[in-house]
Each structure stands twice: as structure tokens, then as C-alpha cells.
Amino acid sequence: WAYRKKFWMAYYNKGAIGDAWFSLGQNAYALGRQLKLKQPELTYATLSGAAADQSVLIMHLGDFVVAEWSHSGKCRFWRNTDRRAPKLYEKYYDANDLRAICEYEQIHYSSANGTWQRQIANFLRHETQIYIPEYEWMM
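Quick notes on the rules
Residues numbered from 1 in each chain as written. Predicted model: local features only at pLDDT ≥ 70, side-chain atom pairs only at ≥ 80, totals over all residues. Heavy atoms only, no water. Buried < 20%, exposed > 50% of the residue type's maximum accessible area, 1.4 Å probe, protein only. Helix = DSSP H or I, 4+ residues; strand = E, 2+ residues; numbered from the N terminus. Pairing = 2+ DSSP bridges. Axes fitted to C-alpha atoms, helices over the stretch in contact; angles between N-to-C directions.

**Q** Can you tell me about the pairing of strand E4 (residues 64-69), naming the residues and giving the values?
**A** If a strand is regular, its side chains alternate between the two faces of the sheet. In terms of burial, E4 is largely enclosed, as six of its six residues are buried. Alternating residues of E4 divide into Phe-64, Val-66 and Glu-68 and Val-65, Ala-67 and Trp-69, and every residue in both groups is buried. Two strands pair when backbone bridges link them, and strand E3 (residues 55-61) and E4 are joined in this way by six bridges, in the antiparallel orientation. Considered in E4, the bridge of Leu-61 is made with Phe-64. Where E3 folds back on E4, the antiparallel hairpin that results is connected by two residues, among which Gly-62 adopts a positive phi of roughly 60°. Examined bridge by bridge, E4 and strand E5 (residues 75-79) share five bridges and lie antiparallel to one another. Each residue of the ladder has a partner; that of Phe-64, found in E5, is Arg-79. Linking E4 to E5, which pair antiparallel, is a turn of five residues; within it Ser-72 sits at a positive phi near 50°.

Here it is, written out as C-alpha cells:
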């Protein structure tokens, strides 16, 4: 997650990410329930149809809705106008809906070399004109 955090935080810090919402798999949801006792303001959705240790970060970035899976999952992009794009702030998500046909998807590989990060950054630069220099998201 360290590479994904560094990458997405670079976009967040530039104000490129609008809203964001988590859909938590069974393991993370159980942890979330424990944390909610200490911080009742925590809110998130549940995720079904995925491995118990998977979760998804859903966010608005430019004209896109992005579903970034925690691990062993692709990052997917839908246009905001696509009826298949996930809606933020739902209480429940099915993994199949977050794996629906989308405009762009990227497998996470060669993180240390910045391979998947560069491909997503190039896509975003081309489609949204949002540019984040590589030095801001490389580890």
C-alpha cells in the first residue's frame, strides 16, 4: 500500500481528488467496527463478493470515478457520466459492480520502478490535463 498511498496522496495534495469513500471487505470492516467505538464519526461502506482482506477506495478525480483496490485488484476508471460508474456514499457495494466494464484499468506491477504509476499518470494527464511530476509520487 505504500506505493499507492504515495501516488494518490500526490494527487490529493494537489487538490485533484474530490470526494473519496471506502468500501471495506470483511476483515477491514471488523476492524472498522472496533475503531468506530472510539471514533463514532467514521463512516464507510461494506464490500461483498471479494476476498475478506480486500477493500476499495472510490474517489472522484477530474471527470472520472476511480476504484482503487487494496491489493490483488486493478485500478479502474469510469467517466462521471457512465451509468456503470460507482456512486460514492453508498452503504453497500458488490465487487462485481466495482469490476464492471470501465474506460481504463491498470494492473499494479513493478511499483518500485513506477511502472503502473507512470501509466496511470499518463492516462490522467491525457484525459484530464492533471499533471503531477514523477518526483512527487515516486518512492
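So much for the structure itself; the text now carries on.
**Q** Can you tell me about the sheet that holds E4, naming the residues and giving the values?
**A** The seven strands are arranged E6-E2-E1-E3-E4-E5-E7 in an open sheet whose pairing can be described as mixed. The open sheet has two edge strands, strand E6 (92-94) and strand E7 (104-106), and neither has a second partner. Sheet twist, expressed as the mean angle between neighbouring strand axes with direction ignored, is 25°. When strand E1 (residues 17-24) meets E3, the two strands line up antiparallel, connected through six bridges.

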